[in-house]
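Observations on the model geometry
These are the residues of each chain, in order.
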Amino acid sequence: MKISAVTIMYNEELLVADYINHIKDSVDEVVIVDGGSTDSSVQIAQSLGAKVVIKHQPPDMSTFSFGAQWSYAMNQASGEWLFIISTDERICDEFKKELKSIVNTVPAGVDSLKVLRFNYIDGQPYAPAFRESHIRIVKNTPQIRYSSTQKVHESLDYCVKNTIMLKDLYYIKHDKSKDRFHKQSVFYNENFYQRGKR
């Protein structure tokens, strides 16, 4: 079965080349929805063979929904399975080797796979949430999409029916710089305050 890596980005010229190069041999296509980057992110991604679609973020970011942007990206993919992975995430070598085999041997009736993720800040374990698990591999069906009401910390748990957890052998490493972590935290907090709660 065909599997598509799916991500969204905005001004990620420092990350996108490494992101594509690390995942492209493990999937059948790399799909990126760009929010209207003003740097060279799009040109870099296109030069490395990714399918890039532009969907501009609104000027007023308080109206922006990460859930809606991710769902739009999922809709651009042609694979029977989708691997949802951010530009600042990397999968381990064993995962790279086995990814296609994993989706080709999913038991009947299973529509999603939960993956272990380890979180770091500047290479150091992020103590408050070092080890997590998230649904990251899903069947490409219209029923499995993020909700547009999920502005931040989006999740697919509400719409999948049968999930299995992958072995700890297969994991994602998420390593952010302190500056990136701070900027994202500010954005999330502003949205929480505006909405009152998630």
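Look up a bit, the structure's there.
Figured I'd write up the structure that's included with this text. (Residues numbered from 1 in each chain as written. Predicted model: local features only at pLDDT ≥ 70, side-chain atom pairs only at ≥ 80, totals over all residues. Heavy atoms only, no water.)

1. Section: the overall build of the protein chain
When helices and strands are tallied, the protein chain shows 5 helices and 10 strands. The C-alpha radius of gyration computed for the protein chain amounts to 16 Å, which stays within 12% of the reference 16 Å derived for 198 residues, consistent with globular compactness. Considering only C-alpha atoms, the protein chain reaches an extent of 45 × 40 × 35 Å along its principal axes. For the protein chain, the proportion of its 198 residues judged to be buried stands at 48%. (Helix = DSSP H or I, 4+ residues; strand = E, 2+ residues; numbered from the N terminus. Rg over C-alpha atoms; globule rule 2.2 N^0.38 Å. Buried < 20%, exposed > 50% of the residue type's maximum accessible area, 1.4 Å probe, protein only.)

2. What about the pairing of strand 6 (residues 112–121)?
Regular strands show a simple pattern: their side chains alternate between the two faces of the sheet. With respect to burial, strand 6 is a largely interior element, 9 of its 10 residues being buried. Pairing geometry for strand 6 and strand 8 (residues 131–139), over 7 bridges, is antiparallel. The residue of strand 8 that forms the bridge with Val 115 is His 134. Bridge analysis of strand 6 against strand 9 (residues 163–165) gives 3 bridges, and the strand direction is parallel. Residue Lys 114 lies in a different strand from strand 9, and its bridge partner there is Met 165. (Pairing = 2+ DSSP bridges.)

3. What about helix 3 (residues 66–75)?
Along an α-helix, residues three or four apart share an orientation, since each turn contains 3.6 residues. Among the 10 residues of helix 3, 7 are classified as buried, and the element is accordingly described as predominantly covered. Among the residues of helix 3, Phe 66, Gly 67, Gln 69, Trp 70, Ser 71, Ala 73 and Met 74 are the ones counted as buried. Taking the backbone nitrogen of Gly 67 as reference, a side-chain oxygen 3.3 Å away marks Ser 65 as the first, capping residue of helix 3. (Polar contact = N/O pair within 3.5 Å; in protein donor to acceptor, adjacent residues only side chain to side chain.)

4. Overview of the pattern of salt bridges
Pairing is possible between side chains that carry opposite charge, provided their charged atoms lie close to one another. Tallied over the full model, the rule gives 11 salt bridges. In this structure, Glu 89 and Arg 117 form a salt bridge, with 2.8 Å as the shortest nitrogen-oxygen distance. Of the two residues, Glu 89 is situated in strand 5 (residues 89–91) and Arg 117 in strand 6; the sequence distance between them amounts to 28 residues. One exposure class covers both Glu 89 and Arg 117, and it is buried. Connected through shared salt-bridge partners, Glu 89, Arg 117, Glu 132 and Arg 136 make up one network. (Salt bridge = Lys/Arg side-chain N within 4 Å of Asp/Glu carboxyl O.)

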